[in-house]
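Geometric and topological summary
The chain contents come next:
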Amino acid sequence: MQKITVETTPIEGQKPGTSGLRKKTPVFMGPHYLENFVQSIFTAIGGVAGKTLVLGGDGRYFNDRAAQVILRMAAAGGAARIIVGQGALLSTPAASNLIRKRGTDGGIILSASHNPGGPDEDFGVKFNTPNGGPAPEEVTNRIFEATRTIASYDILEAQDLDLSVPGEIKLGETVVEVVDPVADYAELMESLFDFDAIRGLIAGGFTLCFDAMHAVTGPYAKAILEGALGAPEGSVINALPSPDFGGGHPDPNPIWAKPLVDLVMGPDAPDFAAASDGDGDRNMILGRGIVVTPSDSLAVLAANAALAPGYARGLSGVARSMPTSRAVDRVAEALGIDCYETPTGWKFFGNLLDAGRATLCGEESAGTGSDHVREKDGLWAVLLWLNVLAGTGLSVADTMRAHWRAYGRNYYTRHDYEAVDKDKAEAMLEALRGRLGDLPGQSFAGRRIEMSDEFAYDDPVDGARSTGQGIRIHFEGGARIVYRLSGTGTVGATLRVYLEDFVDDPARLELPVEEVLADVISAADEIAGIRARTGRSEPDVRT
Ligand code: G6P
Ligand code: ZN
């Protein structure tokens with residue numbers, strides 16, 4: 001097998017965003033596009049000679065072919081071993097686990113997460129470091145720098161490997177180890193949770209529905225929920241990963257997982273329902289008659305984690321991204337543990353988890369996880385919920401009621417304005433930035449502003465400073481508005497407006513969210529001039 005060196009030139013725009021490099025699939029399939037980026041990852045980590053990497057993806061269109069290219073490039077670079085999921089599949093949390101468990105030099109994950117897949121949809125590549133987490137900015141900056149100076153890449157001239165059977169294959173001098181994508185992950189879950197208690201719950205007639213959304217968690221959920229825990233066959237739906245996710249968005253929220261919402265609100269509702277996203281790191285939790293917001297889910301899990309054996313010794317601390325509601329802050333206060341507020345993006349939790357400062361982390365964007373891996377983990381959240389419900393014997397709805405009674409309720413919603421003209425969105429935020437100093441003391445929609453700033457984060461572990469992480473407006477009484485532009489969108493700009501109000505009056509804990517937040521919502525438009533500046537009268541998505 002011959003190594004060839006292919007001359008190339010830098011390609012514009014290969015800057016990793018919130019979670020790796022995401023582009024339209026045809027862009028990734030364009031000449032040298034994937035190869036340039038992969039070679040730049042290798043350059044950024046000092047080459048792959050003698051190294052061991054993990055490789056896998058969420059099964060979206062081009063996943064299989066991209067994996068073959070990366071294997072040939074890693075072999076050309078002299079990698080010692082590549083651990084690849086069977087069929088080139090690995091959920092993001094399972095990849096994170098393998099990277100850590102096998103003591104590797106990192107891994108490459110092929111995914112655009114919850115974005116749709118297919119020949120005209122999205123594709124993505126991200127690099128995770130040896131701790132199993134998404135590469136921090138210092139590494140992604142090096143990758144980006146390498147993409148700007150690249151002149152050639154190395155690749156082995158070889159045929160595609162058969163990745164359909166576990167075992168070892170030699171590719172040049174590199175060992176390609178094909179592994180069952182589920183086994184190690186399932187073992188990890190069993191070590192954290194009381195499987196006997198969950199089995200007992202299910203055997204006692206507790207019903208559940210897990211929607212894998214035609215994405216990568218299908219095989220994991222089948223093996224664990226139906227296999228190990230005894231849920232009846234059919235409890236996991238849309239379980240077969242498909243390259244275009246059945247033509248849908250594999251995004252577990254009330255918009256894209258509407259059938260699941262309809263199910264829990266209807267007459268045949270199971271006791272518990274959940275969904276995960278394209279690469280298996282996000283989650284949505286539902287119960288009969290209720291959809292749990294991700295922010296509330298984090299708070300409930302933090303309050304009850306000790307029911308699971310893996311967390312019985314208590315939590316060292318918790319962390320949430322800044323736009324996530326402050327429900328978990330109240331739990332941390334009650335538990336007497338630290339609560340960290342980080343910028344959006346799971347990578348910001350890495351240092352806190354590595355340093356043992358936080359055990360549980362979560363984001364409003366349907367991400368929850370712990371120090372068991374360095375990614376958010378959809379199925380893990382489902383299993384922790386099941387463990388909690390098995391322990392308390394409460395329904396999901398009663399769990400939420402009890403939580404709100406104990407801690408008060410942070411009513412919360414997010415309004416997204418998609419594909420907004422980038423210049424207009426940026427101008428709007430720039431104008432707001434200029435007024436931050438004048439806003440405190442002013443009232444909008446009857447709410448008086450107490451504090452306004454642009455969020456910046458100083459990492460307490462390595463001191464790194466991240467600025468420009470979203471504009472925060474705090475009101476007297478606990479309401480809050482946050483404005484930020486998405487770092488994962490692929491078309492124009494996506495403006496996210498995060499709206500929150502705190503209520504602890506026992507008579508007001510179960511009102512419709514949009515009713516409680518009505519004046520905060522109008523204040524958000526008045527303060528920033530969303531309608532006037534973007535021309536949009538309504539958000540495209542409310543989550
Ligand atoms: C990805 C990241 C998350 C982040 C989310 C939202 O899923 O892994 O950590 O919260 O994107 O990002 P965005 O910039 O689109 O709001
Ligand atoms: Zn994801």
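Conventions adopted
Residues numbered from 1 in each chain as written. Chains lettered and ligands numbered in written order. Predicted model: local features only at pLDDT ≥ 70, side-chain atom pairs only at ≥ 80, totals over all residues. Heavy atoms only, no water. Pairing = 2+ DSSP bridges. Helix = DSSP H or I, 4+ residues; strand = E, 2+ residues; numbered from the N terminus. Axes fitted to C-alpha atoms, helices over the stretch in contact; angles between N-to-C directions. Donors = N, O, S within 2.8 Å, 3.2 Å for Na, K, Ca; no water. Tetrahedral: all angles 85-135°; square planar, octahedral: opposite > 155°, others 65-115°. Near = heavy atom within 4 Å. Polar contact = N/O pair within 3.5 Å; in protein donor to acceptor, adjacent residues only side chain to side chain. Domains from an automatic or database assignment. Buried < 20%, exposed > 50% of the residue type's maximum accessible area, 1.4 Å probe, protein only. Arc of directions from axis to C-beta. Contact = heavy atoms within 4.5 Å. Core = buried A, V, L, I, M, F, W, Y, C linked by side-chain atoms within 4.5 Å. Salt bridge = Lys/Arg side-chain N within 4 Å of Asp/Glu carboxyl O. Phe/Tyr/Trp six-rings, centres within 6.5 Å; stacked < 30°, edge-to-face > 60°. Lys NZ or Arg CZ within 6 Å of the ring centre and 35° of its normal. Parallel < 35°, antiparallel > 145°, perpendicular 65-115°, else oblique. Left-handed = near helix turned anticlockwise from the far one by under 90°. Nonpolar A, V, L, I, M, F, W, Y, C, P; charged D, E, K, R; others polar.

1. Here's the deal with the sheet that holds strand β3 (residues 52-57)
- In spatial order, the strands read β2-β6-β5-β3-β4-β9-β8; together these seven strands make up an open sheet with mixed pairing. In this open sheet, the two strands that pair with only one neighbour each are β2 (21-24) and β8 (167-171). Direction aside, neighbouring strands of the sheet carry axes that sit 20 degrees apart on average.

2. Some words on the coordination of the zinc ion (ligand 2)
- Distances from the zinc ion (ligand 2) to its protein donors, Ser113 (OG), Asp277 (OD), Asp279 (OD) and Asp281 (OD), fall at 2.0 to 2.1 Å.
- Considering all four donor atoms around the zinc ion (ligand 2), angles at the metal cover 88 to 160 degrees and the coordination shape is irregular.

3. Focus: the site of ligand 1
- Among the 13 residues in the neighbourhood of ligand 1, the closest are listed as Glu363, Lys376, Gly487, Thr488 and Arg496.
- A distance of 2.9 Å separates an oxygen atom of ligand 1 from a polar atom in the backbone of Trp346.
- Here an oxygen atom of ligand 1 sits 2.6 Å away from a polar atom, N or O, in the side chain of Arg496.
- In terms of domain composition, the shell around ligand 1 takes at least three residues from each of domain 2 (185-407) and domain 3 (409-542).

4. Observations regarding the sheet that holds strand β16 (residues 338-342)
- Spatial ordering of the open sheet is given by β16-β15-β17-β18, a layout of four strands whose pairing is mixed. Since the sheet does not close on itself, it has two edges, and those belong to β16 and β18 (367-370), each with one partner. Taking the axes of each pair of neighbouring strands and ignoring which way they run, one obtains an average angle of 15 degrees across the sheet.
- Of the strand pairs in this sheet, strand β15 (residues 317-321) and strand β17 (residues 360-363) are connected by three bridges, and their pairing is parallel. Of the residues in β17, the one forming a bridge with Val318 is Leu360.

5. Here we look at helix α9 (residues 258-265)
- Three or more residues of α9 are buried, namely Leu260, Val261 and Val264. Looking straight down α9, one finds that the buried residues subtend no more than 100 degrees of arc, so they occupy a single side.
- In the core, the buried residues of α9 are packed alongside β10 (208-211), β12 (272-276), β13 (283-287) and β14 (290-292).

6. A word on the nonpolar core
- Membership of the largest hydrophobic core comes to 101 residues, with the highest contact counts inside it found for Phe193, Phe272, Trp380, Ile481, Tyr483 and Ile527.
- Ranked by the residues each element gives to this core, the list is headed by helix α13 (residues 378-392), at 10 residues.
- Setting aside anything within four residues of it in sequence, one finds Ile481 in contact with Ile471, Arg472, Ile473, Phe475, Val497, Tyr498, Leu499, Val520, Ala523, Ala524 and Ile527.

7. Observations regarding the pairing of β10
- Along β10, one buried face is formed by Leu208 and Phe210 and the opposite face, lined by Cys209 and Asp211, is buried too.
- In terms of strand pairing, β10 meets β12 through four bridges, oriented parallel. In the sheet register, Cys209 faces β12, and the bridge partner there is Ala273.
- Pairing of β10 with strand β11 (residues 236-237), which is carried by two bridges, proceeds in the parallel orientation. Counterpart to Phe210 in the pairing with β11 is Val236.

8. Quick word on the domain arrangement of the protein chain
- You can read the domains of the protein chain as domain 1 (2-180), domain 2 (185-407) and domain 3 (409-542).
- On a C-alpha basis, the centres of domain 1 and domain 3 stand 36 Å from each other.
- Contact with domain 1, which involves seven residues of that partner, is made by four residues of domain 3.
- Counting across the domain 1 and domain 3 interface gives zero salt bridges.
- At the boundary of domain 1 with domain 3, the tally comes to zero residue pairs in polar contact (both at pLDDT 80 or more).

9. Observations regarding helix α6 (residues 183-192)
- Turning to α6, its buried residues number three or more, namely Tyr185, Ala186, Leu188, Met189 and Leu192. Relative to the axis of α6, the buried residues are bounded by an arc of 160 degrees and lie together on one face.

10. Looking at the packing of aromatic side chains
- Following the criterion strictly, the structure yields nine aromatic pairs and no others.
- Consider the rings of Trp346 and Phe349, whose centres lie 4.6 Å apart with planes at 80 degrees: the pair is edge-to-face.
- Overall, the relative accessible area of 0% leaves Phe349 in the buried class.
- Taken together through their ring pairs, the aromatic side chains of Phe28, Tyr33, Phe62 and Phe123 make up a single cluster.
- One cation-aromatic arrangement involves Arg330 over Phe502; the distance from NZ or CZ to the ring centre is 3.4 Å.
- Arg409 extends its terminal NZ or CZ atom over the ring of Trp404, reaching a point 3.8 Å from the ring centre.

11. A word on the packing of helix α8 (residues 217-228) against α13
- Contact geometry of α8 with α13 gives a least axis separation of 11 Å together with a crossing angle of 20 degrees. If you check the angle between α8 and α13, you find them roughly parallel. Of the two possible hands of crossing, α8 and α13 adopt the one that is right-handed. Across the interface between the two elements, Tyr220, Ala221, Ile224 and Leu225 of α8 pack against Leu379, Leu383 and Leu386 of α13.
- Residues of the contact of α8 with α13, tallied by class, amount to seven nonpolar, no polar and no charged.

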